[in-house]
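One-letter residues, chain by chain:
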2 protein chains.
Amino acid sequence: MSKYVIIGGDAAGMSAATQIRRLQPDAEIVVFEKGEILSYAQCGLPYYIAGLVPTAEDLIARTKEQFEEKYKITIHLKHEVTFIDPVSNHVTALALDNQEEVVTNYDYLLIATGGEAIVPPWKGTDLDGVTVLKTIPDANRILKWLDERKEIQKVVIIGGGYIGLEMAEAFHIRGKEVQIIDIADQLNASFDPEMAEHAKTELEKQGIKVSLQEEVKEIKGEGRVQSVVTDKGEYSADLVVISIGIRPNSEIAKQAGIELGPRNAIRVNSRMQTNIENIYAAGDCATHYHLVKQQDDYIPLGTTANKQGRIAGTNLGGRNAEFKGIVGTAVMKVLDLEMARTGLNEKEAKALNIDYETVTIKSRHHATYYPNAERLFIKLIFKKDDRTLLGGQVVGYAGVDKRIDVLAMAITFGMKIDELQDLDLSYAPPFNGVWDPVQQASRVAEKVK
Amino acid sequence: MSKYVIIGGDAAGMSAATQIRRLQPDAEIVVFEKGEILSYAQCGLPYYIAGLVPTAEDLIARTKEQFEEKYKITIHLKHEVTFIDPVSNHVTALALDNQEEVVTNYDYLLIATGGEAIVPPWKGTDLDGVTVLKTIPDANRILKWLDERKEIQKVVIIGGGYIGLEMAEAFHIRGKEVQIIDIADQLNASFDPEMAEHAKTELEKQGIKVSLQEEVKEIKGEGRVQSVVTDKGEYSADLVVISIGIRPNSEIAKQAGIELGPRNAIRVNSRMQTNIENIYAAGDCATHYHLVKQQDDYIPLGTTANKQGRIAGTNLGGRNAEFKGIVGTAVMKVLDLEMARTGLNEKEAKALNIDYETVTIKSRHHATYYPNAERLFIKLIFKKDDRTLLGGQVVGYAGVDKRIDVLAMAITFGMKIDELQDLDLSYAPPFNGVWDPVQQASRVAEKVK
């Protein structure tokens, strides 16, 4: 009977744990989680802060007790694994409450330590009122501030990526004055600049301020935050959220001699195995094979963490499963605007030295004559030589997620841009035009031939 | 320089005509259309009747003058082609205004005569207040009745398929009492009974009456309709819409010795060619190759008509294009309910002697904790031996069209049901759960292994 140790009790770790249990009814499964909460919907945190999700409990799929009772998993909360010994197959965990060390052996180890929000070495990041948003405790801290200090009015969001924009929306819904600062010359760098511009327009239309190409120098205050200083000015702030990115928690893996990949994520093969045979990794701490780039990438996302966790669990449980790879699909809501992308953007295509063409159209999300046909912008990127679809970006006021899923699948299956016209997609006036907007884009691309 | 004659000026015919013009700038293109209106959105008619689309003109993509000016196409409206001579390459058209015959030669002929609503040989179908809904004149007739006779209150819809249900909704929106009568033991036979049951529940919840397993015997009235008599009772009626199906207008093709296929549709190959080399057919009068059934089928739909028309036009214009086939995708809105299907239903799978399994789940259209997560029911049908996905039915209150498009593509690409879990679909709480409902269904299907 094998003993499985899992480091990290979030999406990847608990997906793996339950999957191992399904396949190995009698195995010993031990989970170490440094926080107080198991597997929850991190992506729901901005909506919890906005007040759209009433309690943190709404975001928690299962409690420790449920995992223990239903799945017979031994769970150690508030235990941080500090050391992996891959020779003797032991891990050392520190009990955060009493600083005692626990040493445990394993037959198989899964590292599912996730990622953490990047905090640059700015002065003032430790001030009261300055935080990242990554965990339920982070969210509760923000909500406590908002609750205790009714005078909080000015919120500065540093970083205009997915979480930054969702947080901007959350504070806007709460009636705060929101200022976004980003060092780049556009919001959300996973979109091409002209597509990201729609987000800036929407934010500004609804009263959120956006300052681009500004480099944060320090966060000022005395005990509590008072302002954010950039290379171009100073923004007074009652609350500051730093959301400039996520990095993998891979230090203990590195120390154990485990190979790292892009952005220092733990390098895994398609079975989620590291370079050490009985050590697996999955989720936001691991690499994510990118089907279009045909190389490992690091794009931490809840969907991928769940998939990788499940696949790791299947393999650890003695069956065989392979992670087929990501295509870089993502979607977000920014106020009334929906933004989605899949595959490569122009910058990524250039970095891979791919000779590409693009086509961009403006359409409507359903039949133009049917009421409330909303604007929809689609950009497709395709290879110049054989016209293989490389990427898609869809921005608009409804129906964006549907089109990005169609494009994600088209890219997964290596479709040519022209073949989109062959698809038997669903049509009725409340749902679509007779040619779906992605097919309309394909038709316009014919002229680029 | 070739001369092209096109019979029928609706979706397929005009798609072909404009495509030929793009490829053959100098060719002579002649269109005969028996009605008064060219290419318009037939699928929008129920919404025109409901009052959601203000005028019939909103449904018309381009006028005769626009086609003539921009595309230099010669168009004869109110001309019905009565005879095709495939030996001498001539067609004879009857000018409906003055009953004069026009005889025209062609190098290439496209038959795009569409379909017509089936009217059974019941007594009383010619009564005032009884109609089908297929054309703008049909819709205008209904609107005229409604306008002139304010006392119209009771509307009987005979047939509970796509158009019947959309018409039921339309009259309901107009505040009429609506009664649906269908001979089958379920609404919309393209769904499996338990999925179609959701539509019945929704209709009845909103006050529309549904009578199943009732065979219409006659329509009674004196001059004007008064009631519909079935084998089980009599329903008083101020207005009756017969919507029991569409059949292809293929008589002149048959007379010309052109081979017919399923349901007497004109048999075409993947290039839209009939068995006579220089005669093509496309749209609601032609067969539609079904990718899953791997045989010709007859499923008249606007999307397919547009595709086939364009492909016919490409081939007629001297290039090469192939119709890749349908998978039987369709979507409709019934009051607040959305219903969609793709691939095979159980009846179709049985007819093909395929040994299949099914899985049905109840889910939510986006993250359960995010506000307004609507109910979504998914049924998947897959081959028992190799688990290839055969069909999908999705019914719910939001996000149905997205899931059916994912399933339509999955079926197009021959995916196994288990492979749905690999897809990198878009995820954020306002759009989805971390596993898309189609992936949730795939996970449940694992237990059927």
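Residues numbered from 1 in each chain as written. Chains lettered and ligands numbered in written order. Predicted model: local features only at pLDDT ≥ 70, side-chain atom pairs only at ≥ 80, totals over all residues. Heavy atoms only, no water.

Trainee: Could you give an account of the UniProt feature "domain: FAD/NAD(P)-binding" (unreviewed entry) in chain A, with specific residues and numbers?
Mentor: Listed under "domain: FAD/NAD(P)-binding" (unreviewed entry) in the UniProt record, and renumbered for this structure, are residues 3–309 of chain A. The straight-line gap between the two end C-alpha atoms of residues 3–309 of chain A is 17 Å; of that span, 25% is helix and 29% is strand. (UniProt positions renumbered as here; feature names shortened; annotations may be inferred. Helix = DSSP H or I, 4+ residues; strand = E, 2+ residues; numbered from the N terminus.)

Trainee: Kindly report on the interface of chain B and chain A, identifying the contributing residues and their values.
Mentor: Counting from both sides, the interface comprises 54 residues of chain B and, opposite them, 54 residues of chain A. Viewed at the interface, chain A and chain B are joined by 6 salt bridges. Ionic pairing is found between B:Glu446 and A:Arg310, a salt bridge with its closest N-O pair at 2.7 Å. The tally of links between chain B and chain A comes to 20 residue pairs in polar contact (both at pLDDT 80 or more). Those elements that place two or more of their residues in the side of chain B that touches chain A are helix H8 (302–316), strand E21 (330–334), helix H10 (400–412) and helix H11 (437–446) of chain B. Top contributing element to the side of chain B that touches chain A by residue count: H10(B), with 8 residues. Residues that form the side of chain B that touches chain A fall into these classes: 29 nonpolar, 10 polar and 15 charged. (Contact = heavy atoms within 4.5 Å. Salt bridge = Lys/Arg side-chain N within 4 Å of Asp/Glu carboxyl O. Polar contact = N/O pair within 3.5 Å; in protein donor to acceptor, adjacent residues only side chain to side chain. Nonpolar A, V, L, I, M, F, W, Y, C, P; charged D, E, K, R; others polar.)

Trainee: Talk me through the UniProt feature "domain: Pyridine nucleotide-disulphide oxidoreductase dimerisation" (unreviewed entry) in chain A; I want residue IDs and the actual numbers.
Mentor: The UniProt record marks residues 332–432 of chain A with the feature "domain: Pyridine nucleotide-disulphide oxidoreductase dimerisation" (unreviewed entry), using the residue numbering of this structure. Regarding residues 332–432 of chain A, the helix share stands at 19% and the strand share at 36%, and the terminal C-alpha atoms are separated by 21 Å.

Trainee: Before we move on, can you summarise the sheet that holds strand E7 (residues 108–111) of chain B with the specific residues and values?
Mentor: All names here are of chain B. Taken together, the 5 strands give an open sheet; going across it, the order is E3-E2-E1-E7-E18, and neighbouring strands pair in parallel fashion. Only two strands of the sheet have a single neighbouring strand rather than two, namely strand E3 (74–77) and strand E18 (279–281). Across the sheet, the mean angle from the axis of one strand to that of its neighbour is 15 degrees, orientation sign disregarded. H8 rests against strand E1 (3–7), E7 and E18 of the sheet, and its axis sits at about 175 degrees to E7. (Pairing = 2+ DSSP bridges. Axes fitted to C-alpha atoms, helices over the stretch in contact; angles between N-to-C directions.)

Trainee: So, the packing of aromatic side chains: which residues are in play, and what are the values?
Mentor: Overall, the coordinates contain 7 aromatic pairs over all chains when judged by the stated rule. A ring pair is formed by A:Tyr47 and B:Tyr370, whose centres lie 5.0 Å apart and whose planes are at 90 degrees; its orientation type is edge-to-face. You can see A:Tyr47 sitting in helix H2 (residues 45–50) and its partner B:Tyr370 sitting in the loop between strand E23 (356–364) and strand E24 (375–383), one on each of two chains. Owing to a relative accessible area of 1%, A:Tyr47 belongs among the buried residues under this scheme. On the accessibility criterion, B:Tyr370 (10% relative accessible area) is buried. Ring centres of A:Phe413 and B:Phe413 lie 4.3 Å apart, and the angle between their planes is 5 degrees; this geometry places the pair in the stacked category. A residue pair is termed interchain when its members come from two chains, as with A:Phe413 in the loop between helix H10 (400–412) and helix H11 (437–445) and B:Phe413 in the loop between H10 and H11. We classify A:Phe413 as partly exposed; its relative accessible area is 27%. (Phe/Tyr/Trp six-rings, centres within 6.5 Å; stacked < 30°, edge-to-face > 60°. Buried < 20%, exposed > 50% of the residue type's maximum accessible area, 1.4 Å probe, protein only.)

Trainee: How would you summarise unusual backbone geometry if you had to cite specific residues and measurements?
Mentor: All names here are of chain B. Despite not being glycine, Gln-99 shows a phi value in the positive range, around 60 degrees. Even without a glycine there, the phi angle at Gln-294 is positive, about 50 degrees. If you trace the backbone, Gln-294 turns up in the loop between strand E19 (288–290) and strand E20 (295–297).

Trainee: Provide a residue-level description of the sheet that holds strand E13 (residues 216–222) of chain B, including the pertinent values.
Mentor: Residue and element names in this part refer to chain B. Across the sheet, which stays open at both edges, the 3 strands sit in the order E13-E14-E15 with antiparallel pairing between neighbours. Each end of this open sheet is capped by a strand with a single partner; those strands are E13 and strand E15 (234–236). For this sheet the average axis-to-axis angle between neighbouring strands, irrespective of direction, equals 25 degrees. Across 6 bridges, the pairing between E13 and strand E14 (residues 224–230) is antiparallel. In the sheet register, Gly-221 faces E14, and the bridge partner there is Val-225.

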